[in-house]
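The chain contents come next:
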Amino acid sequence: AFANADAQVAFAKAANQSVRGHTLVWHDQNPAWLFSVNGVPMTPTPENKAILLQRLESHIRTVVGHFGDDVSAWDVVNEVIDPSQADGFRRSPWYDITGTEYIERAFRVAREVAPNARLYINDYSTTDDRKRTLLWNLVRDLLGHGVPIDGIGHQMHSHIEYPSAAAVITTLNLFTALG
């Protein structure tokens, strides 16, 4: 299961390069069974929440544990913000079944398994005012609860017209202030 990734990590190690793992938890490209029990799609119940969080933890322990210190940084959760939602959270099965608990759990387990790795939350269009604010609020709240987030991945497709240099600077300065 890890053959291709093992080869890439071995190549990076041989070339004295660092490796960043992208991504442990994402709303896209998940197998259908992940969000079902005995072939029945999960609904937001306490039982399904417990099952899904256990699957999340098992996945992180398996993947991160396999690579150990060979991966120096992980994008732990990816693209959890949706500025079109009133509360700002992407309506993925992760969110629908666990609320935001999956985000916190993912970071805590990743830190436990890889205490030396840098842990990131990643999202795109973080230079957009509303999305930036929603992500900043989430990171601030998670840090306030002791969640081990080391940084924010600002995924951008930059070109001459967008985003502006001022928007990039504002975004970086805002998140830098969180420490």
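Below you will find a few notes about this structure.

Parameters and conventions
- The numbering scheme is per chain: residues are counted from 1 as the chain's sequence reads.
- At least 70 in pLDDT is required for a residue's local features to be given in this predicted model, at least 80 for side-chain atom pairs to be given and counted, and no such filter applies to totals for whole chains, interfaces and linings, which use all residues.
- Calculated side-chain values reflect all of the structure's heavy atoms, with hydrogen atoms and water omitted.
- Note: two strands are recorded as paired if DSSP finds a minimum of 2 bridges between them.
- Only DSSP runs of H or I reaching four residues or more are called helices, and only runs of E reaching two or more are called strands; each is numbered from the N terminus.
- Each axis is a line fitted through C-alpha atoms, and for a helix only the stretch in contact is used; angles between axes span 0 to 180 degrees, taken between their N-to-C directions.
- Contact criterion: two residues are considered in contact whenever any of their non-hydrogen atoms come within 4.5 Å of each other.
- Throughout, nonpolar core names a set of buried Ala, Val, Leu, Ile, Met, Phe, Trp, Tyr and Cys residues whose side chains join them through atoms within 4.5 Å.
- Throughout this description, buried means an accessible area under 20% of the type-specific maximum (1.4 Å probe, protein chains only), exposed means over 50%, and partly exposed covers the range between.
- Two aromatic rings from Phe, Tyr or Trp, using only the six-membered ring of Trp, form a pair when their centres are within 6.5 Å; if the ring planes differ by under 30 degrees the pair is stacked, by over 60 it is edge-to-face, and anything between is tilted.
- Ring-over charges, as used throughout, are those where CZ of Arg or NZ of Lys falls within 6 Å of the ring centre and within 35 degrees of the ring normal.
- Place the viewer so that the strands point away; then a crossover is right-handed whenever the path from the first strand over the helix to the second strand goes clockwise.
- Should a side-chain nitrogen of Lys or Arg be within 4 Å of a carboxyl oxygen of Asp or Glu, the pair is scored as a salt bridge.

Right, let's get into the sheet that holds strand β1 (residues 20-26). Ordered by their spatial adjacency, four strands build an open sheet running β1-β4-β5-β6, and the pairing between neighbours is parallel. The open sheet has two edge strands with one neighbour each: β1 and β6 (151-155). On average, adjacent strands in this sheet sit at an angle of 30° to one another, irrespective of strand direction. As defined by bridge partners, β1 adjoins strand β4 (residues 73-78) across five bridges and the pair is classed as parallel. By the bridge assignment for β4, Val 25 is matched with Val 77. Running over the sheet, helix α4 (residues 101-113) touches β1, β4 and β5 (118-124) and is turned about 165° from β4.

This brings us to the nonpolar core. Formed by 44 residues in total, the largest nonpolar core has its most connected members in Trp 74 and Ile 121. Among the elements of the structure, α1 (3-14), β1, α2 (46-67), β4, α3 (93-98), α4, β5 and α5 (129-144) are those that each provide at least two residues to this core. In terms of residue count, α2 provides more of this core than any other element does, seven residues in total. Setting aside anything within four residues of it in sequence, one finds Ile 121 in contact with Val 77, Val 80, Phe 107, Leu 135, Leu 138, Val 139, Ile 149, Gly 151, Ile 152 and Gly 153.

Scanning the entire structure with this criterion turns up five aromatic pairs. One aromatic cluster in this structure is built from Phe 2, Phe 67 and Trp 74. The ring of Tyr 120 carries Arg 20 above its face, with NZ or CZ at 4.0 Å from the centroid. If you follow Lys 131 out to its NZ or CZ, it ends over the ring of Tyr 124, 3.4 Å from the centre.

What follows concerns the pairing of β6. As defined by bridge partners, β5 adjoins β6 across five bridges and the pair is classed as parallel. Across the sheet, the residue bridging to Tyr 124 is Gln 155, located in β6. Each parallel crossover has a hand, and the one from β5 via α5 to β6 is right-handed.

A word on the pattern of salt bridges. Any two side chains of opposite charge can pair, so long as their charged atoms come close to each other. Taken as a whole and judged by the stated rule, the model has 13 salt bridges. The shortest N-O distance in the salt bridge between Arg 20 and Asp 75 comes to 2.8 Å. Of this pair, Arg 20 sits in strand β1 while Asp 75 sits in strand β4; the two residues are 55 residues apart in sequence, bridging distant segments of the chain. The exposure class assigned to Arg 20 is partly exposed, which follows from its relative accessible area of 41%. The buried category is assigned to Asp 75, whose relative accessible area is 4%. Ionic pairing is found between Lys 131 and Asp 123, a salt bridge with its closest N-O pair at 3.0 Å. Like Asp 123, Lys 131 is buried. Counted as one network, the salt bridges with shared partners bring together Lys 49, Glu 57, Arg 61, Glu 101, Arg 105 and Glu 112.

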